[in-house]
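# Observations on chain architecture
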Amino acid sequence: MNAFSRRGACPALSTPMQTGDGLLVRLNPVAGGLSPKSLIGLGESALRHGNGIMEVTARGSLQIRGLTPASARLLAVEVDALGIAVRTGVPVETGPLAGLDTKEIVDPRPLAERIRAAIDEAGLAQRLGPKVSVIVDGGGRLTMDAVTADVRLVATRTNAGIKWQVAVAGDGQNAKPLVTVEDDAARDIAVPMLRMVAEKGREAHARDLTERQLRSLASWRSFAPPSVLPDISPTGGEIGSFAGGSPSALLAIGESGDEGAISPQVGEMSGRTEGGAKERQPIGIFDLAATSIALGIGLPFGSMPAEKIIDLSQSALALGATQIRLAPQRALLFLGLSPTACHSLQHAAATLGFVTNPTDPRTRIAACPGAPACASGRIATRDIAETIAAEDGDILDSSFTLHISGCAKGCAHPGPAALTLVGGENGAGLVVDGTAKALPPGYRPGYDAARGVGRIAAAIRGTRLRGETAAICLARLGAAEIIETYRQE
C-alpha cells in the first residue's frame, strides 16, 4: 500500500486518502458496472474494514469510507478476490448508459478506449495531476453534461455524418468549444492537449492552456498518432500545427505570452455538485430497447449505510438484475430487470430510504457526512439536510443547490452555492452565494440550523413572484436580508 494521497488527489484503491473519518478509497470498475453479487461483496467488505458508509459521487465513482492503513490493505485483497478490475490512470469517462441507449448518437466506448491506449502509450498518467480527466459523451438519455472535465468530446450529427465536438475545461454549459472533427482527429487533438497540460506540471489543468495553444490545437485535423508526435519537453521545443498538410505558425508549448489562460472549471473534488450545466437525473425507469430497461435509484446526498446497499443489491439479484452501473449524480442503474421487477425494486428502494423520484428535494442538497461520522464535522449535516428536505423541500427547485458542510473544507460542493450552511466553532454559519471556505456573516446553533433555513423558505414563499425561481427570489431579497432572516429567533 502506497503512502496516503493528499486531499485533492484521487483516493484510488492503492492510494487511500486521509479524511476526517479515516481513510477513503474510490473504485471505478473497468467493466463499467458490477454484478449484484459483486456489490454485495463490496458492501460486506465495507462493513468489515471501514465504518460502513458507502458513497456514489457526482462523477459516478464508488467510495468506501472509514478505513485504517491495515484494513485498506485487506479491502484491496478482497476487491481482487471478488474479481473486480478497477480503472487506474487518467480518467476517460463515458455516460452511464454508454452502448445500451438506443437514443445515443454513437457508442462512445471505442473512442474512449483508443484515447486511454494513446494516453498509456504516451506515458501521461505519471505526468498529469490526479484530477485531470476526459469526457467522451455519445449523447442519449443520460449525458455527461453536468460533469466537468479538462477535455470534452461530445458526439454530434452533422450534414457530413457523426462528428465529435472538442471542448476544453468545463461542463456541458461552460466548456470552451474548439472544433468539430471526426473521431480520429478528436483523439489526435485530445492527447496532445493532455501532453501540453503535462508540460505545465502536475498541478496544471487544461484551463491553464493559453489561447494561442488552443488555437493551434483547433487547427489540427489529422496527423500522425500521438506515439510519433514530437516530444514536448522543454528541450523538445515546439510542436508544429499542420492543417491539410500545410504548416502554420509553430506553437511554443511552454509559452507565457500576454494572452491569459481560459476560465477555470467549477469544482474538482469527489462527490461534488458540478458546474452550471444541468442534465436529466439518472433516477427512474429508462426504456433502452424493446426488451431492455434500466432502473435508476439515487443515494440520498450520495451516501448510504453498507447494510442498505447490500439489502438493495440482494433484492435486485432476486428480481433478476444482471448488472449495476454507477451513474453520475450519485445513483445506481440496475440492468436486466423486467417492468414488473423494476417497480418491485423501486418499492424496496423507497422503503430502505433511497431516492426513487427525480424530483425528490434531496437531489438538490449537497451534504457531506458531517458529525458524528466525520471527525472534522462540526454539525450533523445529514440530519439537517433530511429535515430541510422534509419540511421545506418545496423551495428546492432546479434553480439552485443548498450546500451543507460539516466544516470549512466544503468537500461535498467546493464551488459556490446559492446557500451554504457550514459548521464552525460558533455553530452553523450561513454563506449566501459563496463557498464553505467563506467567513459566514451569520450563525445559529447547529441543532437549530434547519429552522433558520425554514425561515428563509417562508420568506421565499411570501415574496416570490409568479413564475419566479427560488434563486431569483433570493437574489432579489439580497444577502443582508437573507442572513438576518436566518439569524432571527
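Note that the structure is a prediction, hence the values are computed from the model and not measured.

### Topic: the sheet that holds strand S17 (residues 303-305)
- Sheet architecture is open: five strands sit in the order S1-S2-S5-S4-S17, paired in antiparallel fashion. Of all the strands in the sheet, just strand S1 (17-19) and S17 have a single pairing partner and so form its edges. Across this sheet, the average inter-strand angle for adjacent strands is 30°, counted without regard to direction.
- Sheet topology places S1 next to strand S2 (residues 22-27); three bridges connect them, and they run antiparallel.

### Describing the packing of aromatic side chains
- Scanning the entire structure with this criterion turns up zero aromatic pairs.
- Looking at Arg-444, its charged tip hangs above the ring of Tyr-486, at a distance of 5.8 Å from the centre.

### Regarding the pattern of salt bridges
- Counted by the stated rule, this structure contains 22 salt bridges.
- Salt bridges sharing partners connect three or more residues here, namely Asp-21, Glu-55 and Arg-65.

### Description of the nonpolar core
- One finds Val-136, Leu-153, Val-166 and Met-193 to be the most contacted residues of the largest nonpolar core, which totals 39 residues.
- If you list the elements that add at least two residues to this core, you get helix H3 (109-121), strand S7 (134-137), strand S8 (149-158), strand S9 (161-170), strand S10 (176-181), helix H4 (183-199) and helix H5 (211-218).
- Among the elements that take part in this core, H4 stands out by supplying ten residues, more than any other.
- If we ignore the near neighbours within four places in the chain, the residues touching Met-193 are Asp-150, Val-151, Val-166, Val-168, Leu-178, Ala-206, Leu-209 and Leu-217.
- One finds Leu-34, Ala-72, Ile-293 and Ala-349 within the second-largest nonpolar core, a separate group that totals 38 residues.

### Considering the environment of Gly-43
- Assignment of secondary structure puts Gly-43 in helix H1 (residues 36-49).
- We classify Gly-43 as buried; its relative accessible area is 0%.
- Note: C-alpha distance between Gly-43 and Pro-305 (262 residues apart in sequence) is 8.7 Å.
- If near-sequence neighbours (up to four positions away) are discounted, Gly-43 is found in contact with Met-54, Ala-306 and Ile-310.

### A closer look at the pairing of S10
- Bridge count between S9 and S10: five bridges; the pairing is antiparallel. Its bridge partner being in S10, Val-166 is matched across the sheet by Val-179.
- Where S9 folds back onto S10 in an antiparallel hairpin, the turn is made up of five residues.

### Some words on unusual backbone geometry
- Omega for the bond connecting Ala-371 with Pro-372 falls within 30 degrees of zero, at 0°, which places this linkage in the cis form.
- Relative to the helices and strands, Pro-372 resides in the loop between strand S20 (365-367) and helix H8 (381-392).
- Positive phi, close to 65°, is recorded for Arg-330, a residue that is not glycine.
- Mapped onto the secondary structure, Arg-330 falls in the loop between strand S18 (323-327) and strand S19 (331-335).
- You can call Arg-330 buried: its relative accessible area is 13%.
- The backbone phi angle of Asp-433 is positive, close to 55°, even though this residue is not glycine.
- Of note, Asp-433 is situated in strand S23 (residues 427-434).
- Judged by relative accessible area, Asp-433 falls into the exposed class, the value being 62%.

### Here we look at helix H11 (residues 479-487)
- Within H11, the full set of buried residues consists of Ile-482, Ile-483, Thr-485 and Tyr-486. All buried residues of H11 project into a common sector of 160° when viewed along the axis, lining one side.
- Packing partners of the buried residues in H11 comprise strand S22 (417-424), S23, strand S24 (442-444), helix H9 (449-463) and helix H10 (470-477).

### Let's talk about the state of the cysteines
- Following the criterion strictly, the structure yields zero disulfides and no others.
- Looking at the unpaired Cys-407, the closest cysteine sulfur is the one in Cys-411, lying at 5.8 Å.
- Residue classification places Cys-407 among the buried positions, given a relative accessible area of 15%.

### Brief notes about the side chain of Arg-325
- Along the chain, Arg-325 falls in strand S18.
- Glu-104 provides the closest opposite charge to the buried, salt-bridge-free Arg-325, at an N-O distance of 7.3 Å.
- At a separation of 3.1 Å, a polar atom in the side chain of Arg-325 contacts the side chain of Gln-323.
- Every residue in contact with Arg-325, bar those within four places of it in the chain, is listed here: Gly-32, Gly-33, Pro-96, Leu-97, Ala-98, Leu-100, Arg-109, Ala-331, Leu-332, Leu-333 and Leu-335.

### Remarks on the side chain of Gln-63
- Positionally, Gln-63 belongs in strand S5 (residues 62-67).
- For Gln-63, a relative accessible area of 2% corresponds to the buried category.
- A distance of 2.9 Å separates a polar atom in the side chain of Gln-63 from a polar atom in the side chain of Arg-26.
- In this structure the side chain of Gln-63 is engaged in a polar contact, spanning 2.6 Å, whose partner is the side chain of Glu-55.

### A short note on the environment of Ala-125
- Turning to its location among the elements, Ala-125 is positioned in the loop between H3 and S7.
- You can call Ala-125 partly exposed: its relative accessible area is 26%.
- Considered as a pair, Ala-125 and Ala-198 are 73 residues apart in the sequence and their alpha carbons are 9.1 Å apart.
- Look past the residues within four positions of Ala-125 in its chain and what remains in contact with it is Gly-89, Val-90, Ile-119 and Arg-202.

Thresholds applied
Residues numbered from 1 in each chain as written. Predicted model: local features only at pLDDT ≥ 70, side-chain atom pairs only at ≥ 80, totals over all residues. Heavy atoms only, no water. Pairing = 2+ DSSP bridges. Helix = DSSP H or I, 4+ residues; strand = E, 2+ residues; numbered from the N terminus. Axes fitted to C-alpha atoms, helices over the stretch in contact; angles between N-to-C directions. Phe/Tyr/Trp six-rings, centres within 6.5 Å; stacked < 30°, edge-to-face > 60°. Lys NZ or Arg CZ within 6 Å of the ring centre and 35° of its normal. Salt bridge = Lys/Arg side-chain N within 4 Å of Asp/Glu carboxyl O. Core = buried A, V, L, I, M, F, W, Y, C linked by side-chain atoms within 4.5 Å. Buried < 20%, exposed > 50% of the residue type's maximum accessible area, 1.4 Å probe, protein only. Contact = heavy atoms within 4.5 Å. Arc of directions from axis to C-beta. Disulfide = S-S within 2.5 Å. Lys, Arg positive; Asp, Glu negative; His and termini not counted. Polar contact = N/O pair within 3.5 Å; in protein donor to acceptor, adjacent residues only side chain to side chain.

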